[in-house]
Structure formats: structure tokens, C-alpha cells
Amino acid sequence: MSNFLNEFEERFRTGFLDDLKSILEEVKDEKVYACAFGTDSDFVTLFLAVNTEESLVRHITNMKAQDLCNSKEDEIYYRWGLSEYQYGDTTHLNHISKFLYATDNVLDYKDEMIKIMAKVVIGTDDVLFTQFGQSKEDITFFVSMTDDDMAEELENQSVIQMTNAKLVDGFLRRYQ
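So, how was this worked out
- Residues numbered from 1 in each chain as written.
- Predicted model: local features only at pLDDT ≥ 70, side-chain atom pairs only at ≥ 80, totals over all residues.
- Heavy atoms only, no water.
- Phe/Tyr/Trp six-rings, centres within 6.5 Å; stacked < 30°, edge-to-face > 60°.
- Helix = DSSP H or I, 4+ residues; strand = E, 2+ residues; numbered from the N terminus.
- Buried < 20%, exposed > 50% of the residue type's maximum accessible area, 1.4 Å probe, protein only.
- Lys NZ or Arg CZ within 6 Å of the ring centre and 35° of its normal.
- Salt bridge = Lys/Arg side-chain N within 4 Å of Asp/Glu carboxyl O.

Explain the packing of aromatic side chains to me, and be specific about the residues and the numbers.
Under the counting rule described, the total for this entry stands at 14 aromatic pairs. Seen from their ring centres, Trp80 and Phe171 are 5.0 Å apart, and the 90 degrees between their planes marks the pair as edge-to-face. In this pair, Trp80 sits in helix H3 (residues 72-80) while Phe171 sits in helix H8 (residues 165-172), placing the two residues 91 residues apart along the sequence. Of the two residues, Trp80 and Phe171, both sit in the buried class. Following the ring pairs from residue to residue traces out a cluster consisting of Phe4, Phe8, Phe12, Phe16, Phe37, Phe99 and Tyr109. Here Arg79 stacks its cationic end above the ring of Tyr33, 4.3 Å away from the centre of that ring. Its guanidinium or amino end placed over the ring of Trp80, Arg79 lies 5.8 Å from that ring's centre, counting from NZ or CZ.

Here you go:
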């Protein structure tokens, strides 16, 4: 299955870098704090979602106005809940989903795929971030499942692999 993993890495690297550059350009006047890779419990979909401190404030303000944010727990959810992120609707990673869907037993390769994703994130040149006024060291990267009770475990395992160590502990304690 190394052909699958090699192709996945190539497709992921290309899609991630294209999406990241596009989103960083879009949010160049805002502070990115999270970059999440969303998938499903079968690991056959993949998308990128990004949030900024400014978009979080706007979203929470909007949710409060609709009486949908009434507690500190709600605010924590809006900060870390992948489905609440404001950027990434036009992700190129969606194209990888067709490739993943056409492959048998993708879930069996989940751990290797996360390692590949972490390798690509860690290997992404800081210049890509700094040219848009961002710092990779200040962004929490993680993988989440949109439809699975194991999402938090996956998030916690993946954040350790792909995020600056100084941010990991705060993320791991986000719901405490």
C-alpha cells in the first residue's frame, strides 16, 4: 500500500499548500490560531478549516445575538469545534476525498496518513506564513472527525504530532 501512501502524500502536500496560501491571503489582516483537517469516521473525506481570533469574536458575537452562546463552554466549543471554523469552504483537499473514497480500507492507514500530514505541516516553510503576517509556531494544527465519538482522541493524538509543543498542553486541556 506504499503506492497509496506516496500518492496521498503528494496530493495532500499540493492541496494543503495551495489551500493554506489562499486562506492566509484571505485572512492577512487577522491572526490565525487554528488549522484543522476534517475527516469522517471512515477517513474517506478530507477538508481544511481555519479560524482566526477575529473571526472567532465575530462568530461568538453572532451566536450570542441569536442566544446560541450562553456559557464559557459554548465559547470553548466555538473556538475548537471544527464545524464552526470560518475559512476553508473552497478547500482543494476535497479533491483528495475522491481518491480516498476509491481506495479500499483507507481507515487501516489512518495512522500513517496522520504522520504524513504532520510531516507536511512541520515541513512547510515558515516563509509561507510570515509573508502573510502569521507564525506557524502560533497556530494549533490538528485532525478531527466530524461524525465520530473518537474525534477528541484523534484531535489530541494529532495535535501532538503537528503543533508547536508550547501550544499542545493548552489544547489538550481545552475542555477542562
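Here the narrative resumes.
Quick rundown of the pattern of salt bridges? Include the residues and the values.
Within this structure, the stated rule accounts for 13 salt bridges. The shortest N-O distance in the salt bridge between Glu75 and Lys64 comes to 3.1 Å. Of this pair, Glu75 sits in helix H3 while Lys64 is found in helix H2 (residues 53-65), placing the two residues eleven residues apart along the sequence. Across the salt bridge formed by Arg173 and Asp169, the nearest N and O atoms sit 2.9 Å from each other. A residue is classified by how much of its surface remains accessible, and Arg173, at 45% relative accessible area, is partly exposed.

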